[in-house]
Amino acid sequence: MAPPPPATAVVDTLRPTSVPRDSRINVDIMAHTKGVQWPYFLALGAAVFGVIQAVLVLAWQTYAGLGVAGYQAPVFWGVYIITFVFWIGIGHAGTLISAILFLFRAKWRNAVNRGAEAMTVFAVLTAALFPLIHIGRLWKFYFLLPYPNQRGLWVNFKSPLLWDVFAVNTYMLISIIFFYVGLIPDIAVARDRATGFKKIVYTILALGWQGTGRQWKAHNRTVLHLSGLATPLVLSVHSVVSWDFAMSIVPGWHATIFAPYFVAGAVFGGFAMVIVVLIPVRRIFGLEAYLTDYHFENMSRFILLTSLICGYAYGAEYFIAWYSAVEYEQTSFWLRAFGPYWFSAWCMILFNAVFPQLLWFKRLRTNLPFLFVLCFLINLGMWFERYVIIITSLSREYIPAAWGLYIPSAVELSVLAGSFCWFGMWFLLFLKIFPVIAIAEVKELAIHEKEHGGAH
Amino acid sequence: MPELDRRDFLRLVGAGAGAAASTACNDPIEKLVPYVIQPEVITPGIPVFYASTCRECPAGCGIHVKTREGRPIKLEGNPSHPVNRGALCARGQVGIGRAYHPDRYVGPLSRAAAGKLEPISWPDASAELVAKLGAAAGQVWVMGGQVGPTLSSVIDGFVSAAGAAGRLVYEPFGYEALREATKAVFGVSATPVFDTGKADLIIDFGSDFLDTWLSPVEHARQLSEARDVGQHADGGTRVVSIGPRLGVTTSASDRWIPAKPGSEGGLALALARAIYEKRGAPAGGDAAAIESVLRDADAAAASAADVERGVVEELATLLLEAKRPLVLPPGVALASTAATATTAAVLLIDALLGAVGSSLLIPTEPTTPQTASMADIQKLIGAMNAGQVKVLLLHDTNPLYSLPASSGFAQALSKVDYVVSTASMRDETSEIAHLVLPDHSAMESWGDAVPRPGVRSLVQPTLRPLHDSQALGDTLLEIGRALGGQMPEGGFRQVLEGAWSDTDFRVALGNGGVFSDVPSQQVDIAPSLADLRVSEASLVGSGDHTLVAYPHSFFGDGSGAAQPWLQETPDPVTKLSWGSWAEMSFHTAEKLGVTFGDVVSLTSDAGSIELSSLPRGGIRDDVIAVAIGQGHTVGHYASMAGDGEPGVARGASVISILPTASDETGGRVWLGTRVRVAKSGRFRRLALSQWTDNQRGRGLAREVSLAALAGGSEGHGGEAGGGHGGGHSEPPHTFEPAYDALPGQPYRWGMSVDTDRCTGCSACVTACAIENNSPVVGELQSIQHREMNWMRIERYVGDGDRRGGAERRPFPDREKLGEIDVRHLPMPCQHCGAAPCEAVCPVIATYHTEEGINGMVYNRCVGTRYCANNCVYKVRRYNYWDYGNDNFPGLLGLMLNPDVTVRQQGVMEKCSFCIQRIEAARQPAKDEGRVIADGEVQTACQQTCPTQAITFGNTRDEKSQVVARANESGRAYHALQDLNTRPAITYLAQVKREDHEGSH
């Protein structure tokens, strides 16, 4: 991948015409939080409706039992776990952008990091619901938490599912803190411009931010340290999630390649989701001056890189299955491509490994409608990737007599739809409360440019 | 207004809080109330066993009824009973369910003016019946199933007291042809007794003797002992099966000759001639009579039967070479219009070969009372139609279901003024009766049975009647007396004791009866044989296919369909549960353009039924086979009533399209019609319990040839069936007791399963369900593979290969006509030493006990289902619904085993090695300061297995049966051995006794 261009170029693309003043940036970026238009209401209404229907469906599932889902032996994990892994994966791009790219001083991230971080938080919040939904009796979830108690309950530290509990909770905690700490200066901007009740809320959330030098120094140090903490999480969380599969004995799961394969897939899917979310945001709220083709191109390069890793992993899995000469593996992978679930496998390969190859062309990397469609398909492909891994592997294990076929039920599909609505609802609310672009960080770039006069 | 001081205030607050708290818990308060005066025999927590007799079929196996706190909860075979020696079949296991069944009548009912059955008191009901009987003297008939001798004598007394015109003993599977053929060949009217263990070669002309014929549990045990490779190095008895479809018996045979149904008579006669030519008439036999019969033998019998030329000669050679050959006649499925002659020809072969007196015994006592022939039934139907039957009393029978619609019984019944039924459970016939006088269930009744000459077996009650029912014997005694008849003194129990006065009743009660050898007589071929003419069976109707209506392994004459466990247990051959299906060959299915589940209609001259198709390889092209027993319109489980569709039949009843025909001597014909098969264009999914019968070379169910076994491939479970999956050099079989349980303590529980003995009968599956309170999930859930049985029997054909697997609607497709190679693999939890499920449970709900059992703590389980994914044997079951609360309609909840937790919604469960039985054995052992002895713990599956294929015990005890059987066999292997899960279950490979590759 080409090294990112110097910051001056970023600023050039940020301000194609004239240098907006500080106040101009404030106005531009805060604009989308002001007023509500009917399309927004429509979108929010749809999201809320989706959430409500999913909650009702879940209430029914909780009352009646998991029988209302489509599980059938031998497939004991279904859409809920697929969707859990999907959303956990989505979160990764946000952490990568806010932590790793921060540490690498990739300045272009400043324009997209707020949106990506918000997406991370909401994706993890969505994902964290799914283990509860999956076990059906949600009130038993606390059995998974190791805490001293008098009922002799303890947890099995050998189980990858328990590692998951820690991984996901840590991730959720760090993501929220990171998101919030980054927001503080912008909340102060919002506070200064708000009136009435809003002002009180913003005042509390801004934690007395005055923008003093001492505060900035503390803030930057915190962000740096949090970046340091979050960086390993980018690698570890999805590695742990992948071990849910890799540590088992199921043909198609039991593979050493899973951790890097999952991490790459997560970043891949995460960037695709960032693009899918930011393209409409940019268009609807007129943020073309801040979210430019250059940013989308950079993200496209990440997508291309991670797509190649995913494609390699797909290939490696098949190679190992063949090379192992283990009939169970070979059958599992043969039927993955040509069995009853061939559709999902080919969706996965086409959307994740083949179509992204078009990003070798710069024209396509900067063609936003194309990127939107491609990234939408990648998200679909990433969902199908987990479908392929979980469902096809489980449906064809060691005992041929006990093979089966899983078809998601309407209940699971409503909950799946509800998860997107839940995510969308939070994002839409976020758009009206906080700036979707980090104002302080964009200003930082502008100041940087002013001081150095464009010549680095 | 009075002052409210601080104390009052606190009081009010406290009372309010208490009230709030108490309304919050809305579960009814249940109290454990101890006995005020404890009954002498009952110690809470300790089961009491009573000997009785199974009444599910006429085979009359002895049972021990396990009762807890006065409630029967489980049936086990009576080890000292000569018929079953401790084993029970699937039907017998669930017999207990009839006591608690939701279909039971809770009291007498009388048809009100409006046409509905209304409750009535016993005195009123009796008075009503007495009045009706008094007015209808001479026009009363009694029709009922086979009952014990004492009850039968009471019925006879009632018949004369009521001045009844007659009594008809009606059994749908009555074996009239066998009785009549015995009369024709030997001049004795009796049902012969077959000892399949005494033969070294059995040629079965379609009796299906291991599954449904006469005494299947006994036959299966005898044969498995005679085929035990440990005792018989040559592999023991060989079985050749002749029949149109691959059934349970065929699957256990060494060779299958798929002859055209109805051609058995010609084949048997040709075979008889071939043998007669070599061996001549036996001493005392009437040579002239034999020759007169054999004159008809057709030299082209083989081609008439559509089997290869030379089969007759080949079989004759086999029979002549065998030391103790036995030939068995056709059973119910092949009871054609030529049934008596065919059976006679078979008995003639037995007589020529000298089987009579050793493996075929002719009892001295005739079987009484004799079952009515179809001709008798038609006579009664005629009388009913003519208005000559005013009162019809029906007991232990359901003729509206079990007689073909073409017999006109339904119309005739509507002409009877007053129909009385004494059914204990609702059925089609009792529902249209005018008066229902419900009998006790078998668990509440006194009675006796003579399953075969020499065996007198007692039935004793183990439960106070749950409902307002009355024993049939008592009802008849009372009515008989009221009519002024000469009835014996006292109640039915006194009558029974009187009938048993020749023996010590109490001792007999303790033992379950009085047993002796079959009192047999030496018989010679009688001159009456000369009158016999063997003809080809005639079929009515048009169409390309012969309809074979075969008895289902579980449903019998249809009465088994009411039992939910039998509905849910997959059929041993097709692996289908709950519905009805039409078995047809692949060729037929292809011609019709149907595949698995597509609905076809079968049309005979008598009517038409629609049911899903099951294409399979193990059936002739010109045959459509349908199991008898489904298609009920009444019953919680038998019909769709339990699924919310009362009055709708579950599946289809093949009886409704059978012709009403009888054979030469009046016996009922089951094989009597051709059918036209047509595609309906609809699809109805069948509950198929297994995806495929292809084991893909994974070596799950292995086979070892006799030669390899003799060659001593020690500890190497058969041919390296592992193939690609199994690796090339497998470690030799061992139990690894050292690592798989806590060191220093004496136990590591384990099991060995001899697949060579397993016939797939599935008694173990039902025994397990009842012992372990497994819920019945119903048809829809079964279709979704959500069955809860802890044990399944996988059925594979051959070693399999890597074809297939991609289908969305699979069905077993590896059977081939004329080939057998069926492997049964009973699959409970393997209790792995290195269990994949244990490592992945995040909450330690499944864990390894100190004694090596893979334990399961239900109330710890949160339901991540990771264990089920990681279980390589796929033996874990998940509670998708709240079965604990919803699954026991009626009083079925009373049948639950109190030693086994009823699982709640959302938890995982699986086989526990009957851990409650281990604990039951531990206490006395502990009291005596010793370890649990070998054989002291029997798991439910092991206990009931008719062929004793399952052995359970302590693998740390070198001398235990379970270790000995595995180590000495030379056939031991673990399933998926290459995964190194170290299972506690050792399978012993099936033995391939004959190699007939060339002959097909």
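Everything numeric in this text was worked out from a predicted model, so none of it was measured.

1. A short note on the overall build of chain B
Moving on, step 1. For chain B, the count of helices and strands is 32 helices and 40 strands.
Moving on, step 2. The C-alpha atoms of chain B give a radius of gyration of 29 Å, which matches the 30 Å a tight globule of 1000 residues would have.
Moving on, step 3. When the backbone C-alpha atoms are referred to their principal axes, chain B occupies close to 110 × 80 × 60 Å.
Moving on, step 4. Residue burial in chain B is summarised as follows: out of 1000 residues, 61% are buried.
Moving on, step 5. In chain B, the proportion of contacts linking residues at least 24 apart, taken out of those at least 6 apart, comes to 75%.

2. A closer look at the overall build of chain A
Moving on, step 1. Helix and strand counts for chain A come out as 16 helices and zero strands.
Moving on, step 2. At 23 Å, chain A has a C-alpha radius of gyration in line with the 23 Å of a compact globule built from 456 residues.
Moving on, step 3. When its C-alpha atoms are laid out on the principal axes, chain A stretches across 70 × 55 × 45 Å.
Moving on, step 4. Out of the 456 residues belonging to chain A, those deemed buried represent 50%.

3. What to know about the confidence of the model for chain A
Moving on, step 1. In this model, chain A carries an average pLDDT of 88, and 93% of its residues clear a pLDDT of 70 or more.
Moving on, step 2. This model gives residues 13-19 of chain A a pLDDT under 50, and the stretch forms nine contacts once residues within four places in sequence are excluded.

4. Digging into the sheet that holds strand β5 (residues 117-119) of chain B
Sheet strands pair by backbone hydrogen bonding; their relative direction is either parallel or antiparallel.
Residues and elements named next belong to chain B.
Moving on, step 1. Taken together, seven strands build an open sheet; the order of strands is β5-β4-β16-β15-β14-β6-β7 and the sheet is mixed. Looking at strand neighbours, the two that pair on one side only are β5 and β7 (166-169), the edges of this open sheet.
Moving on, step 2. Looking at chain direction, strand β6 (residues 140-144) and strand β14 (residues 391-395) are connected through five bridges and run parallel. Paired with V140 across the strands is V391, a residue of β14.

5. A few points about the interface of chain B and chain A
Moving on, step 1. Facing 46 residues of chain B, the contacting portion of chain A comprises 47 residues.
Moving on, step 2. Every element with two or more residues in the side of chain B that touches chain A is listed here: α23 (723-726), α27 (836-840) and α28 (866-870) of chain B.
Moving on, step 3. Broken down by element, the side of chain B that touches chain A gets its largest block of residues, four residues, from α28 of chain B.
Moving on, step 4. Here the side of chain B that touches chain A is built from residues that sort into 20 nonpolar, 17 polar and nine charged.

6. Description of the nonpolar core
Moving on, step 1. With 448 residues, the main nonpolar core has V274 of chain A together with L271, A272, L348 and I349 of chain B as its most contacted residues.
Moving on, step 2. For V274 of chain A, the residues in contact, after removing those within four places along its chain, are A93, V112, G115, A116, M119 and M299 of chain A.

7. Let's talk about the pairing of β7 of chain B
Along a regular strand, successive side chains alternate from one face of the sheet to the other.
Residue and element names in this part refer to chain B.
Moving on, step 1. The pairing of β6 with β7 spans four bridges and is classified as parallel. Bridging from a neighbouring strand, W141 pairs with G166 of β7.
Moving on, step 2. On the question of chirality, the crossover connecting β6 to the parallel β7 by way of helix α5 (residues 149-161) is right-handed.

8. Regarding the confidence of the model for chain B
Residue and element names in this part refer to chain B.
Moving on, step 1. Model confidence for chain B is summarised by a mean pLDDT of 90, while 94% of its residues fall at 70 or above.
Moving on, step 2. Overall, residues 714-732 carries pLDDT values under 50, and its contacts beyond four positions in sequence, including any with other chains, amount to 55 contacts.
Moving on, step 3. Confidence metrics for the complex model read pTM 0.91 and ipTM 0.91.

9. With respect to helix α14 (residues 368-395) of chain A
Residues and elements named next belong to chain A.
Moving on, step 1. Between its first and last C-alpha atoms α14 spans 39 Å; for 28 residues at 1.5 Å apiece the expected length is 40 Å, and the two agree.
Moving on, step 2. A bend of about 25° at Y387 is the largest found in α14.
Moving on, step 3. Across the 28 residues that make up α14, a large majority, 20, are buried.

10. Some remarks on the packing of helix α6 (residues 160-193) of chain A against helix α7 (residues 196-205) of chain A
Residues and elements named next belong to chain A.
Moving on, step 1. Running from N to C, α6 and α7 point in directions that differ by 155°, and their axes come no closer than 8 Å. The angle between α6 and α7 falls in the class roughly antiparallel. Once α6 is placed against α7, the crossing between them reads as left-handed. Together, I187, A190 and R191 of α6 and K199, Y202, T203 and L205 of α7 make up the contact between the two elements.

11. Describing the sheet that holds strand β12 (residues 325-328) of chain B
All names here are of chain B.
Moving on, step 1. On the basis of which strands lie adjacent, the open sheet formed by four strands has the order β11-β10-β9-β12 and parallel pairing. Here the strands that pair on one side only, and so sit at the sheet edges, are β11 (255-257) and β12. Neighbour-to-neighbour, the strand axes of this sheet turn through a mean angle of 15°, independent of strand direction.
Moving on, step 2. Relative to β11, strand β10 (residues 238-242) runs parallel, the two being bridged by three bridges.

12. Considerations on the domain arrangement of chain B
Interfaces are often described in size by the accessible area the parts lose on coming together.
Residues and elements named next belong to chain B.
Moving on, step 1. Each assigned domain of chain B is listed with its residue range as follows: domain 1 (109-169 + 369-452 + 455-515), domain 2 (177-362), domain 3 (545-683) and domain 4 (703-995).
Moving on, step 2. On a C-alpha basis, the centres of domain 3 and domain 4 stand 32 Å from each other.
Moving on, step 3. Counting residues at the interface gives 21 residues for domain 3, matched by 23 residues for domain 4.
Moving on, step 4. Elements represented by at least two residues in the side of domain 3 that touches domain 4 include exactly α20 (564-568) and β25 (607-616).
Moving on, step 5. Here the residues of the side of domain 3 that touches domain 4 are counted per class, giving seven nonpolar, nine polar and five charged.

13. Some details on the packing of helix α4 (residues 79-103) of chain A against α14 of chain A
Residues and elements named next belong to chain A.
Moving on, step 1. Between α4 and α14, the shortest axis-to-axis distance is 9 Å and the interhelical angle comes to 135°. As the angle between them shows, α4 and α14 are arranged oblique. Crossing hand, α4 versus α14: right-handed. Residues I81, I82, V85, F86 and G89 of α4 lie in contact with α14, whose contacting residues are M382, W383, R386, Y387 and I390.
Moving on, step 2. Considered class by class, the residues forming the contact of α4 with α14 number eight nonpolar, one polar and one charged.

14. Some remarks on unusual backbone geometry
Moving on, step 1. Omega for the peptide link from A73 of chain A to P74 of chain A comes to 5°, which places this bond in the cis form.
Moving on, step 2. One can find P74 of chain A in the loop between α3 (38-64) and α4.
Moving on, step 3. Even without being glycine, A325 of chain A reaches a positive phi, approximately 60°.
Moving on, step 4. Summarising the element assignment, A325 of chain A is placed in the loop between α10 (293-324) and α11 (327-338).
Moving on, step 5. The phi dihedral of N773 of chain B is positive, around 55°, even though this residue is not glycine.

15. Looking at the environment of L352 of chain B
Residue and element names in this part refer to chain B.
Moving on, step 1. One can find L352 in helix α13 (residues 339-353).
Moving on, step 2. Residue L352 is classed as buried on the basis of its C-beta count, with 28 C-beta atoms lying within 10 Å.
Moving on, step 3. Along the primary structure L352 and A272 are separated by 80 residues, whereas in three dimensions their C-alpha atoms are 7.7 Å apart.
Moving on, step 4. For L352, the residues in contact, after removing those within four places along its chain, are A272, I275, Y276, R279 and P282.

16. So, the environment of P363 of chain B
All names here are of chain B.
Moving on, step 1. Examined against the element boundaries, P363 turns out to sit in strand β13 (residues 360-363).
Moving on, step 2. With 19 C-beta atoms packed within 10 Å, P363 lands in the partly exposed category.
Moving on, step 3. Residues P363 and P192, 171 residues apart in the sequence, show an inter-C-alpha distance of 6.4 Å.
Moving on, step 4. With residues near it in sequence (within four places) discarded, P363 still touches A190, V193, P453, V518, P519 and S520.

The rules we used
What you see as residue numbers is a count from 1 along each chain, following the sequence as written. Chains and ligands are labelled sequentially in the order written, the chains with letters from A and the ligands with numbers from 1. Totals for whole chains, interfaces and linings use every residue, but because this is a predicted model, local features are given only for residues with pLDDT of at least 70 and side-chain atom pairs only at 80 or more, for both listing and counting. Helix and strand definitions here come from DSSP, where helices need a minimum of 4 consecutive H or I residues and strands a minimum of 2 consecutive E residues; each element is numbered from the N-terminal end. As defined in this context, the radius of gyration uses C-alpha atoms, and a globule is described by 2.2 Å times the residue total to the power 0.38. Our exposure labels follow a C-beta count within 10 Å of each residue's own C-beta, placed from the backbone: buried means 20 or more other C-beta atoms, exposed means 12 or fewer, and partly exposed covers the counts in between. Contact between two residues is assigned whenever their backbone-derived C-beta positions fall within 7 Å. The predictor's confidence in any single residue is recorded as pLDDT, a number from 0 to 100. Two strands are said to pair when DSSP picks up at least two bridges between them. Side-chain classes are defined by residue name, with Ala, Val, Leu, Ile, Met, Phe, Trp, Tyr, Cys and Pro counting as nonpolar, Asp, Glu, Lys and Arg as charged, and the others, Gly among them, as polar. Nonpolar cores are built from buried Ala, Val, Leu, Ile, Met, Phe, Trp, Tyr and Cys residues. These are joined into a set through C-beta atoms within 7 Å. The path from the first strand over the helix to the second decides the hand: if it runs clockwise while the strands point away from the viewer, the crossover is right-handed. Helices are assigned an expected span. That span is 1.5 Å times one less than the residue count. The angle between axes fitted to the seven-residue stretch ending at a residue and the seven-residue stretch beginning at it gives the bend at that residue. Fitted lines through C-alpha atoms serve as axes, helices being fitted only where they are in contact, and the angles separating the N-to-C directions of these axes extend from 0 to 180 degrees. Should an angle lie under 35 degrees it is considered roughly parallel, over 145 roughly antiparallel, and from 65 to 115 roughly perpendicular; all remaining angles are considered oblique. Helix crossings fall into two classes, left-handed where the near helix is turned counterclockwise from the far one by less than a right angle and right-handed where it is turned clockwise. Where each domain starts and ends comes from a domain assignment, either automatic or drawn from a database.

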